[in-house]
Amino acid sequence: MRYDPGRDFRWLLLRPWVAIPRLIQVLWALTGLVLVLVLRGGSADPLVQQSLARRILNTLTGLGPCFIKVGQALSTRPDLVRRDWLDELTRLQDDLPPFPHALALARIEQELGAPAQELFAEFPDAPIAAASLGQVYKARLEGQAWVAVKVQRPNLTFILRRDLVLIRFLGVVTAPLLPLNLGFGLGDIIDEFGRSLFEEIDYVQEADNAERFANLFADNDAVYVPRVERMLSSTRVLTTTWID
C-alpha cells in the first residue's frame, strides 16, 4: 500500500490486457467531455451550465475513485472551476452511489474475523453515506453506543494503481498543451496526489492520526475527536464514535 510511479508503470506495462481497454475507456469519456465543454462552455444560459456541471459529475463518477478524487480537489478551487459548476462537484464529497451491501459485509468479515451481525448489536442494511474510497454505516454496539463504520470499496488498491499510472501518463503527455503554465510540474503534482491517496486508504494510519490528534487537543474542551474502536478496525475497516 505504497505509491511508486516507476514500479506501478512497469506493473501496468506488463499487463496490456488491463491497460489498453482502460486507456480507451478513459480517453473516450474525457474526449467527449472536453468536446462538450468546448462547444457549450461559453453559453450564458444557466440551464446549459447546469447541464454541463452534471455532465462533468457523471463523467468523473463513472470513471471511478481516482477521477472522483480529482473532481473533489477541483470542487474546492473556484479559481479554476466556474462557480456554477462547483455545486454539482461538491456532491463528489459524500453523495456517490454505494457499492453492494453484500460486498461490504464480506469485507467486514474478512478484515475483522467475524460477521457484522456478531460484532455489532445492530447493523443496518444500507450505508448512510458513500464517498470515493468507501462508505459509512451507522451501527450500534452493546450498551447503546452508536458508531460510524467506514468500509473501503472493493479492489481499491488495484484500481488506484492502474488509474494513477494512466492519469500520470496522460498528464505528462498533455502538460505542454495546457494554458497558463498549468502543465508545469504536473508529473510531480500527480505523484503527490498518488502518495496522499495511498495514505488515505490505509485506515490503520488514519486511526493513528486520529488518536494523535485527540492527544494533541486533549486539554481543549472546544474540540471533540471521535474515539477509534481498535478491536473493530483494520487496514480497510475503521470504526469510530458516531457524532450527530
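Model, not experiment: these values are computed from the prediction. (Residues numbered from 1 in each chain as written. Predicted model: local features only at pLDDT ≥ 70, side-chain atom pairs only at ≥ 80, totals over all residues. Heavy atoms only, no water.)

**Description of the pairing of strand β4 (residues 237–241)**
Move 1: Burial analysis of β4 places five of its five residues in the buried class, the great majority of the element.
Move 2: Pairing of strand β3 (residues 146–152) with β4 involves five bridges; the strand directions are antiparallel. Of the residues in β4, the one forming a bridge with lysine 150 is leucine 238. (Buried < 20%, exposed > 50% of the residue type's maximum accessible area, 1.4 Å probe, protein only. Helix = DSSP H or I, 4+ residues; strand = E, 2+ residues; numbered from the N terminus. Pairing = 2+ DSSP bridges.)

**Focus on the layout of surface pockets**
Move 1: Roughly 410 Å³ of internal volume is contained in the second largest pocket.
Move 2: Looking at the second largest pocket, it is lined by 19 residues, and the ones nearest its centre are Ala131, Val136, Lys150, Glu206 and Leu238.
Move 3: For the lining of the second largest pocket, the secondary-structure elements that each account for two or more residues are α4 (65–74), β1 (129–130), β2 (134–140), β3, α10 (203–216) and β4.
Move 4: The element best represented in the lining of the second largest pocket is β2, accounting for three residues. (1 Å grid on protein atoms, 1.4 Å probe; cavity = no way out; pocket = protein on both sides within 12 Å on 5 of 7 lines; lining within 4 Å. Points joined across faces, edges and corners; volume = space filled by probe spheres on them.)

**Some thoughts on the packing of aromatic side chains**
Move 1: A complete count under the given rule lists five aromatic pairs for this structure.
Move 2: Pairing phenylalanine 123 with tyrosine 137 gives two aromatic rings, centres 4.9 Å apart and planes at 35°, and the pair type is tilted. Of the two residues, phenylalanine 123 sits in the loop between α7 (116–119) and β1 while tyrosine 137 sits in strand β2, which places them 14 residues apart along the sequence. Each of the two residues, phenylalanine 123 as well as tyrosine 137, counts as buried.
Move 3: Ring pairs connect the aromatic residues Phe120, Phe123 and Tyr137, which therefore count as one cluster.
Move 4: Between lysine 138 and the ring centre of tryptophan 146, over which it is positioned, the NZ or CZ distance is 5.2 Å.
Move 5: Just above the ring of tyrosine 203 sits the side chain of lysine 150; from NZ or CZ to the centre is 4.7 Å. (Phe/Tyr/Trp six-rings, centres within 6.5 Å; stacked < 30°, edge-to-face > 60°. Lys NZ or Arg CZ within 6 Å of the ring centre and 35° of its normal.)

That's the geometry; what it means functionally is another story.
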